Amino acid sequence: MRKSFIFLLIVLLIVPALYPFPAVGVAFNGNECYRPIWNQALLEIHYTHSVSLTKVVDVYRVSGDGIYFTMEMWQEFLAGQPIDFDYRDGDFYVKRENRFLGKHWEYWFIPLNNVTVVMDGIPMFVQPPQEGVLRIEVTAMPGIILTIRRC
């Protein structure tokens, strides 16, 4: 009886640790962290535009299926920024879309961009004082990795 209880307890601990859960990962210059996606999540990339030095917010919907671009918000019509928009929201021009991007998306940022990644209102990543590639990826991660490498 005692051996079967211990075996059951070990199985109940190991199975969730090894089971792959849908997750979004953020990697920057080799440093990675993950957060689970239970249904779908709202992912925002906040950064300073390197030409106009104004705020830009890119908004994505992420789920186990992948990454969907849903909205971009910016403050100026200078080099490298969109020229068409759907409406104004305070100081921001807003462009709405619903475009599937696949399972991963990348940005290149310099320290001036001061990027922050926010998932469902909670900061997930803040750019260190170096340039690099920010990679966002939807993947399946074992529960133990999600616990150890949580953002």
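For the structure, see preceding data.
Now for a quick tour of the structure.

The rules behind the values
- Residues numbered from 1 in each chain as written.
- Predicted model: local features only at pLDDT ≥ 70, side-chain atom pairs only at ≥ 80, totals over all residues.
- Heavy atoms only, no water.
- Pairing = 2+ DSSP bridges.
- Helix = DSSP H or I, 4+ residues; strand = E, 2+ residues; numbered from the N terminus.
- Axes fitted to C-alpha atoms, helices over the stretch in contact; angles between N-to-C directions.
- Contact = heavy atoms within 4.5 Å.
- Disulfide = S-S within 2.5 Å.
- Buried < 20%, exposed > 50% of the residue type's maximum accessible area, 1.4 Å probe, protein only.

### A look at the sheet that holds strand β7 (residues 92-102)
Turning to step 1, where the next piece is worked out: Read from one edge of the open sheet, 7 strands run β6-β7-β5-β4-β3-β9-β10, paired in antiparallel fashion. The open sheet has two edge strands with one neighbour each: β6 (87-89) and β10 (122-126). In this sheet, adjacent strand axes meet at a mean angle of 30 degrees when their direction is disregarded.
Turning to step 2, where the next piece is worked out: Bridge count between strand β3 (residues 40-48) and strand β4 (residues 55-63): 9 bridges; the pairing is antiparallel. When the sheet's bridge partners are listed, Gln40 is paired in β4 with Ser63.

### Quick word on the side chain of Ser52
Turning to step 1, where the next piece is worked out: Its place among the elements puts Ser52 in the loop between β3 and β4.
Turning to step 2, where the next piece is worked out: Sequence-distant contacts of Ser52, defined by excluding residues within four places in its chain, comprise Glu76, Leu78 and Gln81.

### Looking at the state of the cysteines
Turning to step 1, where the next piece is worked out: Overall, the coordinates contain 1 disulfide when judged by the stated rule.
Turning to step 2, where the next piece is worked out: Each disulfide pairs two cysteine sulfurs, and for Cys33 the partner residue is Cys151, the sulfurs being separated by 1.9 Å. Residues Cys33 and Cys151 are joined through a disulfide that is right-handed, its torsion about the S-S bond being 95 degrees. Of this pair, Cys33 sits in strand β2 (residues 31-36) while Cys151 sits in the segment after α2 (143-148), placing them 118 residues apart in sequence.
Turning to step 3, where the next piece is worked out: Residue classification places Cys33 among the buried residues on the basis of a relative accessible area of 13%.
Turning to step 4, where the next piece is worked out: For Cys151, a relative accessible area of 23% corresponds to the partly exposed category.

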